[in-house]
Each structure stands twice: as C-alpha cells, then as structure tokens.
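Fold and geometry: a report
Here is how the chains run, residue by residue.
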Amino acid sequence: MKKILVIDDEKPTLSMFGLFLGAMDFDVAIAENGATGIELFKKERPDIVLTDIKMPGMDGLEVLKKLKEIDPSVPVVVVTGHGDTALEQEALSLNAAGFIHKPIEREEIESVLSRV
Amino acid sequence: MRYLSNKFKAASLKNKIFFSSLAVLFLLSFIIALFTRWILFTSLTSELKLRGKGIAGSIAESCRGYILTENIPELTSLLFNERLGERKYLIAYIFVLGKDNSVLAHTFIDKFPNEIMNADCFDKNGVHPSILIKVRGEEVFDIAAPVEEGIYQIGSVHIGLKKEHIDNLMAKLRTTFLGFLSAITILFFWISNLLSKYISKPITELTRISDEISRGNLDASQSSIGSIKGNHGPTGPGDEVMQLSRSFYNMTNRLKISQNDLRESENKYRSLFVSGPNPIFVLDRQTMEILDINPSAEETFGFNKKATLGKLFTDFGRFEYEDKDPIEIIKKGWPDGYILTTNVRFYAKRSSQPLYIRVRACPAQYSKREALILSAIDITEMVEQEEQLIQTSKMATLGQMAAGIAHELNQPLNAIKLGNEYLTMMVEKGNKIPDDGLARVASEVSGQVDRASEIINRLREFGRKTDFAKERVDINTNIKNVIRIIGKQLSIDNIKVKLELDDDLPLILAHNNRMEQVIFNLITNSRDAIRVVERADTSITIKTFHENDSVVLEIRDTGSGIPKDLMEKIFDPFFTTKEVGKGMGLGLAIIYGIVKDYEGDIIVESEEGIGTTFIQRFPAFHPED
C-alpha cells in the first residue's frame, strides 16, 4: 500500500481527499500547511506528495522546493486552478511530477497517480 | 323719544344741521314771542285803561251839571254823542250811575244788561278799578270815573272799552311775527342747505371715492378727488374740509404709488415663476397640497396644471431622509432663514420610472395660506451617470479580483467534486460505502454549497446598483463583508489583516454597497502596494472608532507608500501609477466622490517604504433627532 501525503489549507478538501484516496487504496497522511507538511514528510516518508499551490504562509512552490531538497526523487504532484500556466511553468522547472486541476476529476488524478 | 333720537342719528348731516338749528330758532322765537306778547299786552292794557280813565273823567266832568239838574235826556244824548263819536271803535258802552248806584242813563239800545250790575264795580273806598267783564258775549274792560261835586260823589261814569281792539292789535302782531319767522325759516333752510352742501357734499364724495378705492379703482378716484370743490391741489390754504380732501388726495396718491410698486414686484416674481427654467411648486405647508405649479413643472413632469392642483405633493414625491426628516421641518419648526435642501424621488405621470429631483424649499405666504415654495432640479440623469460611473468602477474592481474570486469559488467546488468522485468510485467498485464516509461527504457537500452561495450572494450584493435613498450603515458590517470576499486571498498573499473595530460605533447615513466599494478599493490598493515591496511582515490594519460625533475609518498598510510629489495627484481621476491595463486610475477619485457625498472627509498619511494610511471621517447619524 502506497503512502501519500496531501498538503492543502482547505480542511474540507483535505477531508474529502482522505476519503477518496483511501478508497483508491492509499495510506493517506494530511497536512494543513506547508510547514506541517514538510515535518510530516520527514517523519512519514510518503511515496507520493500532493500539494496545493496557493496557500497562506509557505505556498506550494516553496513546499516543492523544500521537498526536493530533502529528497530529489520524491514525486510531488501540484494541485492548481485552471489557467495558472505561469505557476505550472515554475513548478515544472522545480521538477514537479505532474499537475491536477481543481475541481479534481477522478480520471485526471488516476492517470497522474498511475504515472508516478 | 328714543324713536326720535334714533331717527336723528340716522338722518343725514344736512338734515341734522337744518333741524337742530331750526329747533333752536323756534325755541328762541317762542320765548321772545311770549315775552313780547306779555309786555305788549300789559302796556296796551294799561294804555287802554289810562285812555279809558281820561275819557271817563272828561265825561264825568261834562255830565256833572246834568246829574245835578237831573236832566236825563241831555245826559243820555251826551253819552250817545261820546259813544258814537270818533271813539266808537273803542267804546262798547257808556253808562252813568247815580248816587245810589241807580242807572241814570246808558247807551244800550235795549234794556240795560244786569250782568254789569252784578259785577262789583266799586270797592268800598269808592275807588273804581278797571275790570274785565263779559257783556253780551263781548269782552270788555269796565272803567269807571267818579262824578264829584265838591267833596261829595254824586255818581259815577262807566265806560266799557272793547278788548277786541287789543286782540286785533295782538293778532296783527302775531301775523307779522309768524310771517317774519317763516321768512327766517326759509332763509335758514337755504343757509343750512348751503352749509351742509359745502361740508357734507365733499364728505359724501370722499365716501364714494373710498368705496371706489376699496373696489380697487385707484385711477378713477384720483381724478375725482381733484374735482372736489375747493381743492387747491396737494398744498395751500383752506378750511378743514379742504384739508381733509387734500390729505385724502395725498393718501390715495401714496396708495397708488405703493400699489404700483407692489404690482411691479409681483409681476417680476410672477415672470420669474412663469419663465424660470426650473420646475416650481407652491405647496400648502400643513397638507402638502399643490397650490400652484409653473409651466416648467408642467413640462418637466408632464403635468396638466388643472388636474394637478389640489393633489398632494407627497402622492408624487417621496422626500429622502437626510440628517433630519424634511416633512417634520416643513410641518413644524422652520428655523429662521433656513432653506431646506433635499432629494426627492418623484413619480411623475410621464413615466413609470421615478425621477430624482433635488429641491430647495422655503416657507412663504400664498393667498393667506402658510405655503412652501419648492423649486426642483431634475437630477435623474446626473444620478444615473454617477451611478453608472460607480458601477463601472465597481465592476473594474471585481474584474481585478476575478482570479482570486475564482480561486475562492473553486475551493468548495473542489471539495464537493472530490466527495462525489469518492462516492462514484465506491459504487463502481461495488464496495459498500462506510457510514462514516457517507456522513462526512453529506455534511461537507452541504457546508461547501452554503459557502459557495455565500460568496455568490456577497458578490451579487456588491455588484447591485445603489438605491437612491441613503440608508443607515454600520461600517463594521461593511468591513466584515469585504473581508469575507477577499480575506482569503490576502492571507494567500501572506498579508495579515488586523481588525480593530469599535463595538459601539455609531451608524452613518450612506449606502452599504458604496461603502463596501470604498473599503474594497482601499484594501486592494493596499494589497497592490504591499506586493511591490519585499517584506516578511506585511499587514493591513483596519480600525474604526468615533470621536467628536464623527465615525472614523482607518485603513493602514505596510506597503510601498506614496512618493511625496504624487500625494497631491492621487485623488485626480485617471491618475495611476499602475501599468496600462491594470487600472483606470478612477479608484481613489471615485472614493473621494463617495466620501464627500456622505459629507465625509478623507485624508492620506504616507511615508515611502513604511506604508500608507487612509483616514475617513463621516458624521454620525442620530436617528432620535
């Protein structure tokens, strides 16, 4: 069972991610902000990380940067809104493993997660 | 008596003069007549008696011899001679008595009348008084003279003098007197007529002219005053009547001048009323009934004057509540020299859409009624244009916030979508959905739908057009509403929002969504200013408090600050430091307009590199006033 870490400042989203990814047979860990997420990553060492990009405090790009510093091989999937192409370019340059657009479609998340 | 006095009071001046002078004349004449008559009668009588005595004495002298000789026939002839002589008009009879009072001779043709003898002709001393007796229906003075021989009285002579003689004289006198009196009366009538004509005719004329004046005919009366007899123009000598007519002339002259002045000023105001470009209403202050409207009002509001008069102004227009209720001021205490200025939402006949009019009103007298002169300006277009401008700027602000708002709306949608995908996946896999999972999804979906519709409602409210009427606004609520829309985005930008709100903040008179627009705009400006600088600790502090009857709203940021040389320009329309396409430069200009509209004030304190503070003051609203 793969372990997945979800970082998002939205509690309801986190809660639904938990149910959804759990149903997809993941072992889900959740963090409400970037800092907690990185702490949790160090502790749990998940196989995949999903992070929201717009967050108060540390945003998604920063989280991505930090995670890559800790473990350059960990696949980090960035969750963005539609049309945030500039942010996606930046994320790609930081070696993001893929993108999921809000509102999240099942096919999209399945295909992205199957690739990593 | 009372009847007479009333009659006298009611009589004309001419008759009063005539009758009163006549009465005095008659009274005087009567007294004089009585007096004259008495003197005349007394003197005539004594004269007659004296004469009688003389005649009787001379007869007594003549007849002494015949008595002594008892020659009766000679005596009788002597008596007849005297009786029928030149004094026959005077003498009624003569008779001679003897010593024993027996009748010796008499001039009566038939028998001697006994009534003479019955009259006591002698007193005991033998002195014969003259007495008035009646002989055969004729009034006669009986005068006696003794016939003496030595010291003895041998008889007496009686003569009867006709009183008719005196009566005739008296009658003649009376006739003369009455004739004289008639002549005097006629003369008096003429004089009093003349006098009364002289006095009362001008008075009658003045009365007529006064009536004429009271009917408003000043010109006609003026010329007739000039024609009043004895009038020598406005100055000059003259008796009281002339003075009266002169002063009357001057009075009408004065009256005419002031009436002309009045008419002139009335014409002036009337022409202002009729030809003025602004609609003017004349209203009854108590009932708000329309008493008059000018042609401009008819034109502007499509009124038919006849149909409009008598209706209530308040049926057409609703006064907007300013700091005080205008209707209260109109109906009750009107401060001295106060001019009421307020907006009215006006439902004219022409269109079903309300017009917005700005009115200025002051109290006046109109046809003896407490009235209100209300002049109006149609500001509908202005209001609409202003509204359009504010609306445009609001939409521009919303446009700037669109990305953030989209993100904001995406959050609940995302959560709902995820929950739904979970359920679908479980169903597809044929797995049983655990109860707690189902419950979590159900509660999250409901919560997130509420959250999304809350955002949509706030947006709709913000985008709504402002109503014409001002409302009571709690700035704290406005701030909270704005923060609800953009608070999340500010936190994503790592901008801390610090609220220092006064819980006992008074209300102000404003429009909720315009106030939100002001706050929204200032906060986005702050955010833009903060984005420019690299700083770890960024914040926007929103503070409300009240002092000196003002409500103060302070928005302070830790942004770039405004360069000193630009400070003066920031409220200018179309001034912007932003890149082309990022802003129209209308934000602060519109904020300035809105704040001024609420009789508020806005000032800026800024220091480059430290931050900017916008301070706005609004007058507090006291609904109990």
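Look a little higher up for the structure.
Everything numeric here is computed off the predicted structure, so don't read it as measured data.

1. Notes on the overall build of chain B
Looking only at helices and strands, chain B features 17 helices and 18 strands. Here chain B holds 625 residues, and the buried ones make up 27% of them. Of all intrachain contacts in chain B linking residues separated by at least 6 positions in sequence, the fraction that spans at least 24 positions is 60%.

2. Things to note about the overall build of chain A
Per the secondary structure count, chain A includes five helices and five strands. Counting across all 116 residues of chain A, residues that qualify as buried make up 44%.

3. Section: the pairing of strand β11 (residues 369-378) of chain B
Residue and element names in this part refer to chain B. Of the pairings in the sheet, the one linking strand β6 (residues 280-284) to β11 comprises five bridges and is antiparallel in character. Across the sheet, Leu283 pairs through a bridge with Leu372, a residue of β11. Relative to β11, strand β10 (residues 355-366) runs antiparallel, the two being bridged by ten bridges. Considered in β11, the bridge of Arg358 is made with Ile377. In sequence, β10 turns back onto β11 through a hairpin of two residues, with Ser367 there showing a positive phi of about 50°.

4. A word on the nonpolar core
Core analysis: the largest hydrophobic core is formed by 38 residues, its most contacted members being Ile4(A), Val6(A), Phe17(A), Phe20(A), Leu64(A) and Val78(A). Here this core takes six residues from helix α1 (residues 11-23) of chain A, the largest share from any one element. By size, the runner-up hydrophobic cluster in this structure holds 35 residues, among which are Ile479(B), Leu490(B), Phe520(B) and Leu553(B).

5. With respect to the packing of helix α12 (residues 380-400) of chain B against helix α16 (residues 512-532) of chain B
All names here are of chain B. At a closest axis distance of 11 Å, the pairing of α12 and α16 adopts a crossing angle of 45°. Judged on the interaxial angle alone, α16 and α12 are oblique. By crossing handedness, the relation of α12 to α16 is classed as left-handed. Here Ile390, Lys394, Thr397 and Gln400 of α12 lie close against α16, whose contacting residues are Arg514, Gln517, Phe520, Asn521 and Thr524. Along the lines of polarity and charge, the residues of the contact of α12 with α16 split into two nonpolar, five polar and two charged.

6. Quick word on the interface of chain B and chain A
Taken residue by residue, the interface counts 24 residues in chain B and 18 residues in chain A. At 15 residues, helix α13 (residues 402-429) of chain B tops the list of elements feeding residues into the side of chain B that touches chain A.

7. Concerning the sheet that holds strand β17 (residues 601-607) of chain B
Residues and elements named next belong to chain B. Strand order in the open sheet formed by five strands is β13-β15-β16-β18-β17, with mixed pairing between adjacent strands. Single-partner strands in this sheet number two, and they are β13 (495-500) and β17. Strand-to-strand twist across the sheet, computed as the mean angle between neighbouring axes with direction ignored, equals 15°. Strand direction decides the pairing type here: β13 and strand β15 (residues 538-547), joined by six bridges, are parallel. Bridging across to β15, Ile495 finds its partner in Thr538. Contacting β13, β15, β16 (550-557) and β18 (611-619), α16 runs over the sheet at an angle of about 25° to β16.

Here is what the cut-offs are and how they apply
Residues numbered from 1 in each chain as written. Chains lettered and ligands numbered in written order. Predicted model: local features only at pLDDT ≥ 70, side-chain atom pairs only at ≥ 80, totals over all residues. Helix = DSSP H or I, 4+ residues; strand = E, 2+ residues; numbered from the N terminus. Buried ≥ 20, exposed ≤ 12 C-beta atoms within 10 Å, placed from the backbone. Contact = placed C-beta atoms within 7 Å. Pairing = 2+ DSSP bridges. Core = buried A, V, L, I, M, F, W, Y, C linked by C-beta atoms within 7 Å. Axes fitted to C-alpha atoms, helices over the stretch in contact; angles between N-to-C directions. Parallel < 35°, antiparallel > 145°, perpendicular 65-115°, else oblique. Left-handed = near helix turned anticlockwise from the far one by under 90°. Nonpolar A, V, L, I, M, F, W, Y, C, P; charged D, E, K, R; others polar.

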